[in-house]
Amino acid sequence: MSTRIRRVVVVGNGVAGLTAADSLRASGFDGELTVVGDEPHAAYSRPALSKALLLDGAGAAHELPPATHGATELLGVRARGLDLERRLVTLGDGTELPYDRLVIATGARARRLSGLPEEHTLRGLDDALALRDRLAASPSVVVAGGGPLGMEIASACLAAGCEVTLVSQGVPLIGHLGPYLAGVFGEAARERGLTVVETGAARVERDAGGVRVVLDDGAVVEAELLVSAAGDVPNTEWLAGTGLAAGGVVRVDARGLARPGVAAAGDLAAFPTPYGPRRVPLWNSAVEQAKVAAAALVRGDGAPPLRFQPYFWTEQFGLSLKAVGYLPVDGEPEHLEPGLMRWSRAGVAVALNHRIPIPRLRRAAA
Amino acid sequence: MKIVLDRPRCEGHGLCEEAAPELMHLDDDGELVLDREEIGDAEVPLASAAVRVCPVAALRLA
Ligand SMILES: Cc1cc2nc3c(=O)[nH]c(=O)nc-3n(C[C@H](O)[C@H](O)[C@H](O)COP(=O)(O)OP(=O)(O)OC[C@H]3O[C@@H](n4cnc5c(N)ncnc54)[C@H](O)[C@@H]3O)c2cc1C
Ligand code: SF4
């Protein structure tokens, strides 16, 4: 079967695109493989950007081993359009790239709260390097966004010696982790000197003195540096007119297929979960989706469907958390041993400052 | 080929173990143990999968 597939194009060179390209090879595809990525860099580890990279001056924490898939890599090149009928990807300069099979892996970008250049976000390597440079002078910082990313950024800014205010819609992390863990992290954050301001919807605006965050009650939070971490938006604009990205996500089946011969994987893909079709914009999710999708493109219906249980980790305020299962989770956990807890009805297990093999953590969750 | 672990970088996520349990595991203290360092050609895809999934690039093939 694989002999009939001559050309595969992978659009997006994040971990989903990279893993898809590797897995296509591992599944026996030996034809022409092209990877298109609009960042001028080789694929790197995005989770490292808000952790080791912000703290470590030398800054190689994000580097991944070089790709071995032998694809033609068009880096710094953006895909602009897709023609499903004619099986063509249109590049930024108008070049048309034909394919027999396609992998859509253009990920997501930071959701911005304003169009102002003073509003920093953290999604790509260039963002992280720019932020690290700014932190060197220990400016006062306001972080807008109380999710895991906003909290990691706030933690790194504190570690860099900055005075930090975090503006959060509701209690930080509560929507992501649930009340128990949000409490644990909130306490660690305050102990380390984080000022938390809870609000409804906040705005970012500019006045004579610079940019500032305006809270729902009209109060204003100002600082020398403003970083927002207000969620992500899937990069689906180049799919306009194809019907693939209704609602701003690419819906796929359990094998990662959006259409016959067209797969999608990573942060932009909504796949079947016990809670309905969902995006799970996490590292391990992107890797697992990409493997399944590549196998499905090469092997067809014989390929196995996705069997997925989320794995999430974060490092902030001196705490290291590893979690398996679908978060957030309600109620109090059962403590199995120091640093290991479980919410059995929800199928969630968490290790806090506790090194544990992930397979063991998965067993604890079951 | 050989699997090389950069131990100070390893954060014990164990995603590598999930990808290639035949080649490595985390011990009870959460330290990664390479059960096989020298690998044959047949195991290269498995080892590559483990190397790739590590979010801190603590593993490489040499
Ligand atoms: C700062 C940060 C910290 C994170 N920390 C964690 C963590 O601790 N744990 C965790 O599990 N997850 C974490 N994540 C999430 C995780 O990094 C993502 O889930 C993962 O990177 C998704 O991979 P992807 O390949 O789908 O998307 P991406 O990594 O976004 O890759 C998509 C690529 O496609 C490119 N692209 C976009 N549009 C086009 C186009 N039209 N043409 C060509 N190329 C295009 C993009 O520039 C990008 O390079 C973090 C994310 C960020 C930003
Ligand atoms: S995935 Fe990386 S960090 Fe995690 S245990 Fe393996 S080598 Fe260590």
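A quick note: this is a predicted structure, and the numbers were derived from the prediction, not measured. (Residues numbered from 1 in each chain as written. Chains lettered and ligands numbered in written order. Predicted model: local features only at pLDDT ≥ 70, side-chain atom pairs only at ≥ 80, totals over all residues. Heavy atoms only, no water.)

### Observations regarding the site of ligand 2
In the neighbourhood of ligand 2, the contacting residues comprise Cys10, Glu11, Gly12, His13, Gly14, Leu15, Cys16, Leu32, Cys54, Val56, Ala58 and Leu59 of chain B. Looking at the shell around ligand 2 residue by residue, the class counts come to eight nonpolar, three polar and one charged. (Near = heavy atom within 4 Å. Nonpolar A, V, L, I, M, F, W, Y, C, P; charged D, E, K, R; others polar.)

### Considering the interface of chain B and chain A
Listed as interface residues are 22 residues of chain B and, on the opposing side, 26 residues of chain A. Roughly 2000 Å² of surface becomes buried between chain B and chain A when both sides are summed, with 51% attributable to carbon and sulfur atoms. Inspection of the chain B/chain A interface yields two salt bridges. Residues Arg52 of chain B and Asp22 of chain A are paired through a salt bridge, measuring 2.7 Å at the closest nitrogen-oxygen approach. If you look at where chain B meets chain A, you find six residue pairs in polar contact (both at pLDDT 80 or more). For the side of chain B that touches chain A, the secondary-structure elements that each account for two or more residues are α1 (15-19) and α2 (44-53) of chain B. Its residues placed into classes, the side of chain B that touches chain A shows 10 nonpolar, four polar and eight charged. (Contact = heavy atoms within 4.5 Å. Buried area = accessible area lost by both parts, 1.4 Å probe. Salt bridge = Lys/Arg side-chain N within 4 Å of Asp/Glu carboxyl O. Polar contact = N/O pair within 3.5 Å; in protein donor to acceptor, adjacent residues only side chain to side chain. Helix = DSSP H or I, 4+ residues; strand = E, 2+ residues; numbered from the N terminus.)

### Considering the site of ligand 1
Residue and element names in this part refer to chain A. Lining the immediate environment of ligand 1, one finds 33 residues, of which Asp38, Glu39, Arg46, Lys51 and Asp267 sit closest. Ala16 places a polar main-chain atom, nitrogen or oxygen, 2.9 Å from an oxygen atom of ligand 1. When isolated, ligand 1 has an accessible area of 1000 Å², and the protein chains bury 94% of it. Those elements that place two or more of their residues in the shell around ligand 1 are α1 (15-26), β2 (32-37) and α7 (283-299). (Areas by Shrake-Rupley, 256 points an atom, 1.4 Å probe, with all protein chains shown as cover.)

### Points about the environment of Leu340 of chain A
Residue and element names in this part refer to chain A. The topology assignment puts Leu340 in strand β26 (residues 340-343). For Leu340, a relative accessible area of 3% puts it in the buried group. It is 45 Å that separates the C-alpha atoms of Leu340 and Asp30, two residues lying 310 residues apart in sequence. Leave out the neighbours within four places in its chain, and Leu340 touches Glu334, His335, Val350, His354, Ile356, Arg360 and Leu361. (Buried < 20%, exposed > 50% of the residue type's maximum accessible area, 1.4 Å probe, protein only.)

### Re the domain arrangement of chain A
Residues and elements named next belong to chain A. Considered domain by domain, chain A is made up of domain 1 (2-109 + 232-302), domain 2 (112-228) and domain 3 (311-365). Just the C-alpha atoms count here: the centres of domain 1 and domain 2 sit 30 Å apart. At the junction of the two partners, domain 1 supplies 19 residues and domain 2 supplies 13 residues. Joining domain 1 to domain 2, the criterion identifies two salt bridges. Residue Glu152 is joined to Lys51 by a salt bridge in which the shortest nitrogen-to-oxygen separation is 3.2 Å. In this assembly, domain 1 and domain 2 are joined by eight residue pairs in polar contact (both at pLDDT 80 or more). Those elements that place two or more of their residues in the side of domain 1 that touches domain 2 are α2 (52-55) and β8 (108-110). No other element matches the three residues that α2 contributes to the side of domain 1 that touches domain 2. Counted by class, the side of domain 1 that touches domain 2 contains seven nonpolar, five polar and seven charged residues. (Domains from an automatic or database assignment.)

### With respect to the sheet that holds strand β7 (residues 101-104) of chain A
All names here are of chain A. As summarised here, the arrangement of the six strands in space is β3-β2-β1-β7-β20-β19, forming an open sheet in which the pairing is mixed. Strands at the two margins of the open sheet, each flanked by one partner only, are β3 (72-75) and β19 (257-259). The sheet shows a mean angle of 20 degrees between the axes of neighbouring strands, taken without regard to direction. The sheet contact formed by strand β1 (residues 7-11) and β2 spans five bridges and is parallel. From the neighbouring strand, Val9 faces β2, where its bridge partner is Thr34. Sitting on the sheet, α1 is in contact with β1, β2 and β7, with an inclination near 175 degrees to β2. Packed onto the sheet, α7 meets β7, β19 and β20 (262-264) and runs at close to 175 degrees relative to β20. (Pairing = 2+ DSSP bridges. Axes fitted to C-alpha atoms, helices over the stretch in contact; angles between N-to-C directions.)

### A few points about the pattern of salt bridges
Residues and elements named next belong to chain A. Counted under the stated rule, the structure contains 21 salt bridges over all chains. Across the pair Glu96 and Arg86 runs a salt bridge, and its minimum N-O distance is 3.6 Å. Taken as a pair, Glu96 in strand β6 (residues 96-98) and Arg86 in the loop between β4 (79-83) and β5 (88-91) lie far apart in primary sequence, 10 residues in all. With a relative accessible area of 41%, Glu96 lands in the partly exposed category. Through salt bridges with shared partners, a single ionic network connects Arg203, Glu205, Asp207 and Arg212.

### Section: the nonpolar core
In summary, soluble globular proteins display a tendency toward joint burial of nonpolar side chains. Counting residues in hydrophobic clusters, the biggest one holds 65 residues, and the most contacted among them are Leu24, Leu33 and Trp283 of chain A together with Ile3, Met24, Leu32 and Leu59 of chain B. Ranked by residue count, the leading element in this core is α7 of chain A, at 10 residues. Counting the residues that make up this core, at least three belong to each of domain 1 (2-109 + 232-302) and domain 3 (311-365) of chain A. Those residues in contact with Trp283 of chain A that sit more than four places away from it in its chain are Val15, Tyr44, Ser45, Arg46, Pro47, Leu64 and Trp313 of chain A together with Leu15, Arg52, Val53, Cys54 and Pro55 of chain B. One finds Leu49, Leu158, Leu173 and Met341 of chain A within the second-largest nonpolar core, a separate group that totals 43 residues. (Core = buried A, V, L, I, M, F, W, Y, C linked by side-chain atoms within 4.5 Å.)

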